Amino acid sequence: MAAARSVTPGGALLRNSRMFAIPAPIPPPPESAVGSRGSRTRTLAYPTHQIITTGNVARKRGDWGLKRPLPSRATTKATYAMLRVNEIDSIEGITDYSSATDHGITLKKFQQLHIPITVPETKSGFSRDSPKTLRSVFEEDTDVTAMGPEDRIKLVDKRWKFNGPWLAGMGHGELNQWLERTVRPKRAQFHQFLKKKLAAEITNEMRQKAIDAGEPEPPALKASGTTEEQLLQYLRVLRNNRARLFDMVGQFLDLAPLKAPNLDAAAEFSGQIAVEGGSPYSARGPPITHPSAGLSYLRSSSFLENHPFYGPQEKHAPVEARVVKPRRGGDPRDLRVGVAGFITSGPAGESKSNRKGGAHTRQSGYIYDRINLAKKGGNKVFVQPIEAVVSSMGRVEIRVDEADAEAFLVAQELLGADETTTFRKPAAEPKPATRTLDLRGRYGGGYDKVAGAPKLSTARQYGLDTTFKRLRPQQS
Amino acid sequence: MASRTWFSSALRQCQATLSRPQPKAPFSTTSRASSLKDHTSAVSKLSDLARTPSRTPGDVRNLLGNSTAFSASRQKREATEKDLAATSQTDAYLRMMPRRWRKGDVYAPKDLSHVEAKRFRHIQAPPAVDVVDMMGFNPIDNYRNFAMISEHITPHGRIEHSKATGLRPVNQRKMAKAIRRAIGMGLHPSVHLHPEILLNHTPHITHGTLPTTQLPFAAKATRFSRT
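All values derive from a computational prediction rather than experimental measurement. Along each chain, numbering runs from 1 in the same order as the chain's sequence is written. Naming scheme: in the order in which they are written, chains are lettered from A and ligands are numbered from 1. pLDDT decides what is reported in this predicted model: residues at 70 or higher carry local features, side-chain atom pairs at 80 or more are listed and counted, and totals for whole chains, interfaces and linings draw on all residues regardless. The basis for every side-chain value is the complete set of heavy atoms in the structure, and neither hydrogens nor water enter the calculation.

A. Spatial organisation of the overall build of chain B. Numbering of helices and strands runs from the N terminus, with a helix taken as a DSSP run of H or I at least four residues long and a strand as a DSSP run of E at least two residues long. The number of helices and strands found in chain B is 11 helices and zero strands. The N-to-C order of helical and strand elements in chain B reads α-α-α-α-α-α-α-α-α-α-α. Whether a residue is buried, partly exposed or exposed follows from its accessible area with a 1.4 Å probe, protein chains only, as a fraction of its type maximum: under 20%, in between, or over 50%, in that order. The buried share of chain B, taken over its 227 residues, is 34%. In what follows, residue pairs with any heavy atoms lying within 4.5 Å of each other are defined as contacts. Sequence-distant contacts in chain B: of pairs separated by 6 or more residues, those separated by 24 or more amount to 56%.

B. View of the environment of Glu387 of chain A. Residue and element names in this part refer to chain A. Assignment of secondary structure puts Glu387 in strand β9 (residues 380–390). C-alpha separation for the pair Glu387 and Thr118, spaced 269 residues apart in sequence, amounts to 6.6 Å. Residues adjacent in sequence count toward polar contacts only when both atoms are side-chain atoms; beyond that, a polar contact is any pair of N or O atoms within 3.5 Å, and within protein one must be able to donate a hydrogen and the other to accept it. At a separation of 2.8 Å, a polar atom in the side chain of Glu387 contacts the side chain of Arg399.

C. Layout of the packing of helix α8 (residues 187–213) of chain A against helix α9 (residues 228–240) of chain A. All names here are of chain A. As a rule, the C-alpha atoms of each element are fitted with a line to give its axis, helices using only the stretch in contact, and angles between N-to-C directions run from 0 to 180 degrees. One can describe the packing of α8 onto α9 by two numbers: an axis separation of 10 Å at closest approach and a directional angle of 90°. In terms of orientation, α8 lies roughly perpendicular with respect to α9. On the side of α8, the interface is formed by His191, Leu194, Lys195, Lys197, Leu198, Glu201 and Ile202, while α9 contributes Glu228, Gln230, Leu231, Tyr234, Leu235 and Leu238. Throughout, the ten residues Ala, Val, Leu, Ile, Met, Phe, Trp, Tyr, Cys and Pro are labelled nonpolar, Asp, Glu, Lys and Arg are labelled charged, and all others, Gly among them, are labelled polar. Residues of the contact of α8 with α9, tallied by class, amount to seven nonpolar, two polar and four charged. Roughly parallel means an angle under 35 degrees; roughly antiparallel, over 145; roughly perpendicular, 65 to 115; everything else is oblique.

D. Region of the structure containing the packing of aromatic side chains. We call Phe, Tyr and Trp rings a pair once their centres come within 6.5 Å, taking the six-membered ring for Trp, and we label the pair stacked below 30 degrees between planes, edge-to-face above 60, and tilted otherwise. Inspection of the entire model under this criterion finds eight aromatic pairs over all chains. Centre to centre, the rings of Phe138 of chain A and Tyr297 of chain A are 5.6 Å apart; their planes meet at 35°, and the pair counts as tilted. Of this pair, Phe138 of chain A sits in the loop between α5 (101–113) and α6 (149–154) while Tyr297 of chain A sits in the loop between α11 (265–270) and β4 (305–307); the two residues are 159 residues apart in sequence, bridging distant segments of the chain. For Phe138 of chain A, a relative accessible area of 14% corresponds to the buried category. Between the aromatic rings of Trp101 of chain B and Tyr107 of chain B, the centroid separation amounts to 6.1 Å while the plane-to-plane angle is 70°, which identifies the pairing as edge-to-face. No difference in accessibility class separates Trp101 of chain B from Tyr107 of chain B, as the two residues are buried. A connected cluster of aromatic rings, assembled from ring pairs, spans Phe190, Phe193 and Phe252 of chain A. We count a charge as sitting over a ring when the NZ of a lysine or the CZ of an arginine lies within 6 Å of the ring centre and within 35 degrees of the ring normal. Across the ring face of Tyr366 of chain A, the terminal group of Arg370 of chain A is positioned such that the distance to the ring centre comes to 3.7 Å. The side chain of Arg181 of chain B reaches across the aromatic face of Tyr143 of chain B, ending 5.4 Å from its centre.

E. Summary view of the pairing of strand β6 (residues 319–325) of chain A. Residues and elements named next belong to chain A. Paired strands are those between which DSSP finds at least two bridges. Where β6 and β9 come together, four bridges link them in antiparallel fashion. The residue of β9 that forms the bridge with Val319 is Val383. When β6 meets strand β7 (residues 336–339), the two strands line up antiparallel, connected through three bridges. In the sheet register, Val323 faces β7, and the bridge partner there is Val337.

F. Summary view of the sheet that holds strand β3 (residues 96–99) of chain A. Residues and elements named next belong to chain A. Pairing in this open sheet of three strands is antiparallel, and the strands run β1-β2-β3 from one edge to the other. Both edges of this open sheet fall to β1 (51–52) and β3, since each of them pairs with a single strand only. Both β1 and strand β2 (residues 83–87) contribute to a ladder of two bridges, which runs antiparallel. Residue Ile51 lies in a different strand from β2, and its bridge partner there is Arg84.

G. Spatial organisation of the pairing of β7 of chain A. All names here are of chain A. With burial as the criterion, each face of β7 is covered, one bearing Arg336 and Gly338 and the other bearing Val337 and Val339. Judged from the four bridges that link them, β7 and strand β8 (residues 342–345) form a sheet pairing that is antiparallel. Bridging from a neighbouring strand, Gly338 pairs with Ile343 of β8. Between β7 and β8, which follow one another and run antiparallel, lie two residues, and Ala340 among them has a positive phi close to 55°.

If you want it as structure tokens, here you go:
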């Protein structure tokens with residue numbers, strides 16, 4: 001026993017150190033088999049290694065509580081001291097680490113949004129017709145994992161943690177493998193389970209008969225009191241009643257709830273798979289972490305921000321988001337906007353980003369449709385984040401709304417913008433991009449400003465441009 | 001649409017054959033007869049026709065002169081040309097960013113850099129799971145499925161390594177056997193992909209890689225016209 005063994009002073013020191021406290025990494029985010037392959041160095045949907053930090057003085061010395069000091073030039077430049085350690089001591093005798101500011105700062109930014117994490121939608125239908133009732137993941141009735149077997153059955157539509165898999169998310173081969181390896185050996189146990197259920201049903205029947213006849217209650221029948229013949233009969237009944245059989249199997253194996261999604265024409269058009277009633281996780285599967293994923297413990301955003309001059313504000317301050325991918329062909333759904341480091345689709349329902357047509361896109365200044373080369377970092381829009389949902393793949397999906405104009409002005413004023421910028425007109429059309437010749441001039445030998453010709457050789461200098469020249473209209 | 005493609009193809013033919021020097025004296029653009037005399041001038045007339053049809057001789061609109069209604073329509077046309085050029089430019093730049101952003105992706109400044117963007121262009125990584133195990137089928141029983149065969153060979157008909165297919169050794173051997181069977185029976189070509197797949201899944205390269213301001217018919221060129 002470890003407790004009986006005496007611990008040396010050095011051992012005691014090590015056991016309380018950072019080195020021994022770093023947990024093992026978790027498996028990477030589940031990706032689909034053929035999709036989402038790309039760069040190996042891209043930021044993952046959630047971190048897999050613990051992020052360690054250290055104080056300023058220790059950081060300068062390279063002291064991160066690890067086996068050896070880390071190089072200062074590489075680890076002292078970032079504003080925040082955040083690292084992830086892949087190997088404390090590798091075979092080459094070095095500490096394999098990398099910067100973890102991608103996930104660390106994303107978490108800080110998300111927490112600055114002050115939005116709650118909510119349970120997925122259960123109602124079907126258009127999102128704009130029926131406003132979603134935001135339900136926090138920390139509600140007492142849903143956020144429970146320690147419960148007895150009877151409570152487990154009762155709360156199957158509310159709880160998030162299940163011991164068995166979600167069958168709809170398994171491929172055919174995976175399902176067969178699971179049946180062979182996990183389910184088949186449990187046949188005897190399943191029969192025992194069914195006997196208990198059968199005994200309870202028989203007891204209920206007997207009690208009902210006794211009440212009808214006016215006789216005293218008979219004693220409860222135990223599982224051992226049922227015969228094999230009764231069990232066989234019960235099995236035959238269950239085989240004819242699929243729903244009841246699945247109920248039994250689901251209870252025994254603790255399967256995640258499965259309900260046929262309500263795929264009518266409206267739901268198909270809106271791109272949602274929502275379920276009428278039932279568990280919020282029956283459409284896309286239960287979450288692989290706690291529904292909040294430890295990101296934020298806010299239960300609601302029902303608080304008012306107090307402005308020093310104008311008093312409590314009805315709407316929260318809007319947040320600047322980056323247009324990462326403009327929509328093509330006027331389709332609003334393929335717009336991708338980045339809020340606090342998370343990619344999300346644009347505001348749903350009635351909003352400027354969802355209006356098709358030339359007049360609307362022109363009015364919004366083509367922010368949602370074109371790449372703006374003139375502006376550094378591309379187009380930015382102000383949005384109002386409403387809530388976040390952690391999906392069954394562990395991804396954070398933030399729902400945003402269009403920013404309120406007044407809230408935007410008030411927020412800008414508070415940040416120190418003057419009237420000329422706060423009362424801004426719709427963004428003007430972006431300046432036309434520079435010509436490729438200008439780009440060559442910038443990155444090559446430079447422009448000969450006097451002569452007006454670039455120093456670096458161009459197609460024109462080689463005479464390859466002359467064909468275009470000849471085709472220009474002759475000046476008569 | 002047909003007229004535009006005719007113009008662009010005619011223009012390319014003219015570019016190829018133009019080796020004669022331009023005539024020194026500029027000739028009038030108003031005379032229709034003069035446009036028919038010279039071949040080279042006919043080419044320049046094509047560009048004229050495309051850009052400023054108002055100057056096309058003999059045109060009905062010329063009879064009206066430079067009316068304000070016409071200049072308004074010219075402005076509208078110019079605005080449309082500008083719109084199309086801008087859209088074309090956005091398309092060209094979007095082609096430089098092949099990453100498909102999904103909801104829930106996390107990005108840091110490094111993910112927006114050209115280094116990361118380049119890595120999304122040619123995805124070399126094998127599938128994370130063994131697809132044969134996931135789908136639960138026997139490759140040998142599906143030797144007639146030419147889509148499955150084509151997916152596990154190189155474009156030149158060589159069987160892909162398990163590093164590329166992501167199959168475990170047992171399934172890799174079964175898949176290889178199915179491929180050899182299909183090719184041996186003549187159900188699948190041995191040196192290229194199946195013709196039905198070549199027909200439907202060959203990517204078309206458009207001319208959008210050229211800078212739009214340099215093209216003479218900048219406004220007319222769309223991503224749907226084929227080079």
